[in-house]
Amino acid sequence: MSQFFQVHPENPQARLIKQAVEIIRGGGVVVYPTDSSYALGCMIGDKNAVERIRRLRQLDDKHNFTLVCRDLSQIGLFAKVDTAAFRLLKNHTPGPYTFILNATREVPRMLLHPKRRTIGIRVPSHPIALALLEQLGEPLMSVSLIMPDDELPMSDPYEMRQILEHHVDLIIDGGFGGLEASTVVNLADDSPEVLRVGCGDPTPFDDL
């Protein structure tokens, strides 16, 4: 049975954020809000938690997992960022974008695309997500909360509670979530390519 925290979406209660991070550090899988939609998250190196998320979402080994980072300074440890990519990241983070980049050796192999060795990178602007990342002190391994056979992310925390209470350890209720996941932009190749159009405006990448 999962726990259910009602957290203020603009001024997250420090006590609840601390408890949430303790659950994450203890191997927990959590549902939390971002500036695009709700997401599933866990510790980067927790193989058991990652596999639970993979089973819940029914993801194959070619899915690009995402590291949700607190700020730009965290990204360089986990992804290879050249000057052009850094400029794009600086202009579009924080925000509802996920950038696919070549991973460094710091990223566990189980999170990488098996052939391309890439990883998703995201810096959200949601106060709850940022509070979790600040308290945790490292990125969260994350995927959008889109259930198998669904096209849109789950948005109602009470529906999440009904469906997921035996599958996750914590659901953070930050109010109704967005109905679009983040916009995904591939920066691992020579020129940027929009792989998924979500709630982030894709047009800045059209002519690059």
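Right, let's walk through the structure included here.

Analysis parameters
As a convention, each chain's residues are numbered from 1 in the sequence order in which they are written. The predicted origin of the model limits local features to residues at a pLDDT of at least 70 and limits the giving and counting of side-chain atom pairs to 80 or more, whereas totals for whole chains, interfaces and linings rest on all residues. As a rule here, side-chain values come from all non-hydrogen atoms in the structure, and water together with hydrogens is ignored. Paired strands are those between which DSSP finds at least two bridges. Put simply, DSSP H or I for four residues or longer makes a helix, DSSP E for two residues or longer makes a strand, and each gets a number counted from the N terminus. Axes here mean lines fitted to C-alpha atoms, for a helix over just the part in contact, with angles spanning 0 to 180 degrees between N-to-C directions. Two rings from Phe, Tyr or Trp (for Trp, the six-membered ring) form a pair when their centres sit within 6.5 Å of each other. Planes less than 30 degrees apart are called stacked, planes more than 60 degrees apart edge-to-face, and all others tilted. Type-normalised accessible area, obtained with a 1.4 Å probe on protein chains alone, sets the label of each residue: buried when under 20%, exposed when over 50%, and partly exposed for intermediate values.

Right, let's get into the sheet that holds strand E2 (residues 30–33). Spatial ordering of the open sheet is given by E1-E8-E2-E3-E7-E4-E6-E5-E9-E10, a layout of 10 strands whose pairing is mixed. Of all the strands in the sheet, the pair left with one neighbour each is strand E1 (3–6) and strand E10 (193–196). Ignoring which end each strand starts from, the neighbouring axes of this sheet average 35 degrees apart. Across 3 bridges, strand E4 (residues 66–68) lies against strand E7 (residues 140–144) in antiparallel orientation. Counterpart to Leu-67 in the pairing with E7 is Met-141.

On to the packing of aromatic side chains. Enumeration according to the criterion identifies 4 aromatic pairs in this entry. When the ring of Tyr-97 is compared with that of Phe-99, the centres are 6.0 Å apart and the planes differ by 25 degrees; the resulting orientation is stacked. With a centroid separation of 5.6 Å and an interplanar angle of 70 degrees, the aromatic rings of Tyr-97 and Phe-205 are classed as edge-to-face. With a gap of 108 residues between them, Tyr-97 in strand E5 (residues 97–102) and Phe-205 in the segment after E10 connect regions that are remote in the sequence. The pair formed by Tyr-97 and Phe-205 is uniform in burial state, with each residue classed as buried.

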